[in-house]
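Chain and residue survey
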There are 2 protein chains.
Amino acid sequence: MIKLQERDLKHIWHPCGQMKDLAANPPLLIKSARGALITQEDGRQVIDAISSWWCKSLGHGHPLITQALQAQLAQFEHVMFGNTTYTAIIELSEKLAQLTPSLCKASFASDGSCAVEIALKMSLHARQITGETQRTKFMALENSYHGDTGLAMAVSDLGIYRLPYQAVLPNVSFLKNIPYVANKLDPLWHDCSSMWPALEQQLNQQAANLTAIIVEPLVQGAGGMLIYSKDFLVRLRKWTTQHNIHLIADEIMTGFYRTGLKLACDHAMIEPDFLCLGKGLTNGVLPLSVTLTSNAIYDLFYDDFEKGKTFFHSHTHSGNALATAAALACFNAFDVENIEQKVQTLEFTLIELLQQIATETGYLTNIRHLGGIVAADLVNAFDISRLGYLVGQEAIKRGALIRPIGNSLYWAPPLNIEYETLLQLRDITCDAIKTRCCVS
Amino acid sequence: MIKLQERDLKHIWHPCGQMKDLAANPPLLIKSARGALITQEDGRQVIDAISSWWCKSLGHGHPLITQALQAQLAQFEHVMFGNTTYTAIIELSEKLAQLTPSLCKASFASDGSCAVEIALKMSLHARQITGETQRTKFMALENSYHGDTGLAMAVSDLGIYRLPYQAVLPNVSFLKNIPYVANKLDPLWHDCSSMWPALEQQLNQQAANLTAIIVEPLVQGAGGMLIYSKDFLVRLRKWTTQHNIHLIADEIMTGFYRTGLKLACDHAMIEPDFLCLGKGLTNGVLPLSVTLTSNAIYDLFYDDFEKGKTFFHSHTHSGNALATAAALACFNAFDVENIEQKVQTLEFTLIELLQQIATETGYLTNIRHLGGIVAADLVNAFDISRLGYLVGQEAIKRGALIRPIGNSLYWAPPLNIEYETLLQLRDITCDAIKTRCCVS
């Protein structure tokens, strides 16, 4: 067993972590996974408490998705999507078009970052076509994260992801002091008018040169599962419309019921100009991302080829048929499993269980939750270095795969996770915190 | 049938083309695909003459890959790869490490663009760590294409892909007048010393601030299947080493026998500092890309977490198990099918057949070829607008999916394509050219 892990460390540069940490705490050796449970080669199970980076919303090995993949595999896997099509992707695009009133044109990629790049590029390119050539700037929110490719990284505020590459990134402004909330009962959730004037002032300063503002609607994932006011999103949509600035909603993490509704934007009853989806789109089974936009945008690019308005962005696997089959099956699985209903129950269970830990340990503060996400900051009473990391490692040893972001601990499990598994997750998390947050 | 295509056009924004063209020439409606043949819903077949954008090197529905996918599907599809691993990806990374003498560390993504971004970012980040903070510039070759995300686009010379986004891209210099060749018998292939001084002068001007030079080794795909001197690649490697500048080889198109050898770099017997692979890596079955680098680079980032040297770049589906299973099966399939041998035969067949067309029609010039790629420019004797596009559409109607790049026509079929299918491809291409290149 150790031998396999040594072989891993010899040849694999894992994503999003310091490899020296993996030498100290070797990667878990996975054999299989079903539902919310991952089984290691030695038979030990761990709960996938964060849905494998927030993508396995229906858990591992969902039978409806497996069946769809097997059926597609018997037909074809992938055909260049430049000038071909097929029934499954037509049906998927129709489902995607039904998510919002008017975002009816779908551009497909694989990595989530690429969906964000497509939105940013379409916005900027549209300005070239309309002659608004001064509109070349992007704006994003403080604590934002939108991906790790050039432009996606440029609109990400988190320093660890962008600072080493600053020399090759365009200048982007970040909106400060946004109205964070604890949950939907927070007065700011419904009304952030007290904070709006200061926000509007920042916005107005940039208005003339902005082409688009990009947001993770309501929940900022990599920023530490920070939740902000629904009313702020309403106001931002109104302001961007008034100032002819595109609003890009990066729902790669929040989409498909993670926040309780099909889209996070639905809480605010707003529609962006561009909507980016990924992760839960295929239940994290295969890489597939999509950027949706309106006919208003699409029509700007639609012209005789010679006019030079073509959006040439492409990826080899745009429209991959296996990924598409998985995504189409997900739409069915969300209905069959009645996920919209389940996430309502889950929302209450998650916050109840985390509050039990807070009460029992006294080491949780700033508790926040929305839909299938609950988070809190660890109280670092003894100034322990890398406390979040240590708590995470302790939980893994005890059977739950959590990955605190800094000292922010969170759960974002499969939306159909069993109640009994959540009780285990509570106990494991509680023990991990008790073990690591004090000095004995 | 028409109805499905209308539904497609209502909701799908296809990659890499003007949608108005697709309204005029509706997308082919695909039902299934096997080997080099794609079957449409109405039963008509088309030859996949360009391997679905150069990725299906073993053809569609390869049984070894299908079996591997079915087996992996029974275990698990994808588990967050941050701190987990599994046997198949360890075995794949070992196979990848064997491709070159010292590029033994693999970072995985899905889209090819992301593999390029990883290489560019690692190079730049390494300079921050070593304190060479003046090295912030990238250089690329004229006619280069490396992808459509921010940094990948910045190092792409082709205007249609980058000009609308110029305002948000870093400045990149492009090396001009590189020694293009017709084939391996071209004297320049072995010796470009006559052109080197002028090239070296351009390089020397940039040397102080460069962190990396990125190239598509030997064949520039989207640039129009342009082939350049092996000796130039040898000299460029030598020059970059002497000047402490990283060489990034983007073998996303050329890798895995497309140019006749396992890697295009093998023709020049050189090793880059970063190697990007994709497309043929999974035989175009699933999106998977990888960036390989050396321990020398890896070790720069390897330190205590607190030192702030972590490479945080990550994608949700990094290490996707289904894509990995497909890639591992490909290594086996390449051996079982004896592709290295087959491509030698294919190389001669392709050029022979294209030369037959040239002789018969008189409408082909600048014929060039390497391994499983053969290309030529259409002679536009009657100044026909969008001649290449028209020839492509004509070929599709007659049963071959080709997609000329501008007026450059090329074949890059599955490397195991049947000889009889190539004869059909010759006849179809020949008829398409005869029909479109003259005015009747």
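Residues numbered from 1 in each chain as written. Chains lettered and ligands numbered in written order. Predicted model: local features only at pLDDT ≥ 70, side-chain atom pairs only at ≥ 80, totals over all residues. Heavy atoms only, no water.

Details of the overall build of chain A
The helix and strand tally for chain A stands at 17 helices and 18 strands. Taking 440 residues into account, the globule formula puts the C-alpha radius of gyration at 22 Å, and chain A, at 22 Å, falls close to it. Dimensions along the principal axes, computed over C-alpha positions, put chain A at roughly 70 × 60 × 45 Å. Counting all 440 residues of chain A, 67% fall into the buried class. A separation threshold of at least 6 residues defines the contact pool for chain A, and within that pool the share at least 24 residues apart is 70%. Computing the positive centroid from 35 side-chain charges and the negative centroid from 42, chain A places the two 4 Å apart. (Helix = DSSP H or I, 4+ residues; strand = E, 2+ residues; numbered from the N terminus. Rg over C-alpha atoms; globule rule 2.2 N^0.38 Å. Buried < 20%, exposed > 50% of the residue type's maximum accessible area, 1.4 Å probe, protein only. Contact = heavy atoms within 4.5 Å. Lys, Arg positive; Asp, Glu negative; His and termini not counted. Charge placed at Lys NZ, Arg CZ, Asp CG, Glu CD.)

Some points on the sheet that holds strand 9 (residues 210–215) of chain A
Residues and elements named next belong to chain A. As summarised here, the arrangement of the seven strands in space is 5-14-13-12-9-6-7, forming an open sheet in which the pairing is mixed. In this open sheet, the two edge strands, each paired with only one partner strand, are strand 5 (105–109) and strand 7 (173–175). Each neighbouring strand pair of the sheet contributes to a mean axis angle of 20°, computed without reference to strand direction. Strand direction decides the pairing type here: strand 13 (residues 274–277) and strand 14 (residues 289–293), joined by four bridges, are antiparallel. Within strand 14, the position partnered with Phe-274 by the bridge is Thr-293. Taken strand by strand, helix 10 (residues 196–206) contacts strand 6 (137–141), strand 7 and strand 9, and its axis lies near 160° from that of strand 7. (Pairing = 2+ DSSP bridges. Axes fitted to C-alpha atoms, helices over the stretch in contact; angles between N-to-C directions.)

Comments concerning the interface of chain A and chain B
The interface is formed by 123 residues belonging to chain A together with 123 residues belonging to chain B. Around 11200 Å² of area is buried between chain A and chain B when both sides are counted, 61% of it from carbon and sulfur atoms. Our count for the chain A to chain B interface comes out at six salt bridges. Where chain A touches chain B, the interface holds 61 residue pairs in polar contact (both at pLDDT 80 or more). A per-element tally of the side of chain A that touches chain B places helix 6 (residues 112–130) of chain A first, with eight residues. Residues belonging to the side of chain A that touches chain B are distributed by class as follows: 59 nonpolar, 40 polar and 24 charged. Looking at chain direction, strand 4 (residues 84–85) of chain A and strand 1 (residues 28–34) of chain B are connected through two bridges and run parallel. If you follow Thr-84 of chain A over to strand 1 of chain B, its bridge partner there is Leu-28 of chain B. (Buried area = accessible area lost by both parts, 1.4 Å probe. Salt bridge = Lys/Arg side-chain N within 4 Å of Asp/Glu carboxyl O. Polar contact = N/O pair within 3.5 Å; in protein donor to acceptor, adjacent residues only side chain to side chain. Nonpolar A, V, L, I, M, F, W, Y, C, P; charged D, E, K, R; others polar.)

Thoughts on the packing of helix 5 (residues 87–97) of chain B against helix 14 (residues 321–336) of chain B
All names here are of chain B. At a closest axis distance of 9 Å, the pairing of helix 5 and helix 14 adopts a crossing angle of 45°. The angle between helix 5 and helix 14 falls in the class oblique. Here helix 5 and helix 14 pass one another in a crossing that is left-handed. Residues Ala-88, Ile-89, Glu-91, Leu-92, Lys-95 and Leu-96 of helix 5 form the contact with helix 14, whose participating residues are Thr-324, Ala-327, Leu-328 and Phe-331. (Parallel < 35°, antiparallel > 145°, perpendicular 65-115°, else oblique. Left-handed = near helix turned anticlockwise from the far one by under 90°.)

With respect to the pattern of salt bridges
Residue and element names in this part refer to chain A. Counted according to the given criterion, the structure contains 42 salt bridges over all chains. Here Asp-191 makes a salt bridge to Arg-235, at a shortest N to O gap of 3.8 Å. Residue Asp-191 is found in the loop between helix 9 (187–190) and helix 10, and its partner Arg-235 is found in helix 11 (residues 230–242); the two are separated by 44 residues along the sequence. Beyond isolated ion pairs, a larger network of salt bridges with shared partners links Glu-394, Arg-398, Asp-431 and Arg-436.

Things to note about the domain arrangement of chain A
All names here are of chain A. We note that the domain assignment places domain 1 (2–58 + 338–437) and domain 2 (63–336) within chain A. Its C-alpha centre places domain 1 at a distance of 27 Å from the equivalent point of domain 2. Every contact between the two is made by 29 residues of domain 1 and, on the other side, 33 residues of domain 2. Summed over both partners, the interface of domain 1 with domain 2 buries about 2500 Å², with 62% contributed by carbon and sulfur atoms. (Domains from an automatic or database assignment.)

Here's the deal with the relation of the copies chain A and chain B
With an RMSD of 0.0 Å, the fit of chain A onto chain B corresponds to turning through 180° and sliding 0.0 Å along the axis. Seen this way, the second copy is the image of the first under a two-fold rotation axis. Minimal C-alpha distance to the rotation axis in chain A is attained by Gly-150 of chain A, lying at 2.1 Å. Here 100% of the interface residues in chain A have copies in chain B that are interface residues too; the copies meet face to matching face. (Least-squares fit on C-alpha atoms with pLDDT ≥ 70 in both.)

Overview of helix 4 (residues 63–73) of chain B
Along helix 4 of chain B, the positions that sit buried rather than exposed are Ile-65, Thr-66, Ala-68, Leu-69, Gln-72 and Leu-73 of chain B. Axial view of helix 4 of chain B: buried residues confined to an arc of 165°, hence all on one face. Residues of helix 4 of chain B that are buried make contact with strand 1 (28–34), helix 4 (63–75) and helix 14 (321–336) of chain A together with helix 14 of chain B. (Arc of directions from axis to C-beta.)

Thoughts on helix 11 (residues 230–242) of chain B
All names here are of chain B. Here helix 11 spans 19 Å end to end across 13 residues, near enough to the 18 Å set by a 1.5 Å rise per residue. Among the residues making up helix 11, those that are buried are Lys-230, Asp-231, Phe-232, Leu-233, Leu-236, Arg-237, Trp-239 and Thr-240. N-capping of helix 11 is provided by Ser-229, with a side-chain oxygen placed 3.0 Å from the backbone N of Asp-231. Of the residues one or two after helix 11, Asn-244 is the one with positive phi, at around 60°. (Expected span 1.5 Å × (residues − 1).)

What to know about the environment of Tyr-419 of chain B
Residues and elements named next belong to chain B. Turning to its location among the elements, Tyr-419 is positioned in helix 17 (residues 419–436). Owing to a relative accessible area of 42%, Tyr-419 belongs among the partly exposed residues under this scheme. For the pair Tyr-419 and Glu-394, spaced 25 residues apart in sequence, the C-alpha to C-alpha distance is 22 Å.

Topic: the nonpolar core
The biggest cluster of nonpolar side chains holds 255 residues, and the ones touching the most others in it are Leu-96 of chain A together with Leu-96 of chain B. Leaving out residues up to four positions away in the same chain, Leu-96 of chain A has contacts with Leu-103, Ala-106, Phe-108, Phe-256, Leu-277, Leu-281, Val-290, Leu-292 and Phe-331 of chain A. (Core = buried A, V, L, I, M, F, W, Y, C linked by side-chain atoms within 4.5 Å.)

Section: the sheet that holds strand 17 (residues 400–401) of chain B
Adjacent strands of a sheet form backbone hydrogen bonds with each other and so pair up, either parallel or antiparallel. In spatial order, the strands read 4(A)-1(B)-2(B)-3(B)-17(B); together these five strands make up an open sheet with mixed pairing. Two strands in the sheet have a free side with no partner beyond their single neighbour: strand 4 of chain A together with strand 17 of chain B. Bridging between strand 1 of chain B and strand 2 (residues 37–40) of chain B involves four bridges; their strand directions are antiparallel. Along strand 2 of chain B, the bridge assignment pairs Ile-30 of chain B with Gln-40 of chain B.

Observations regarding the side chain of Lys-56 of chain A
Its location among the elements puts Lys-56 of chain A in the loop between helix 3 (51–54) and helix 4. Separated by 2.5 Å, the side chains of Lys-56 of chain A and Glu-77 of chain B make a polar contact.

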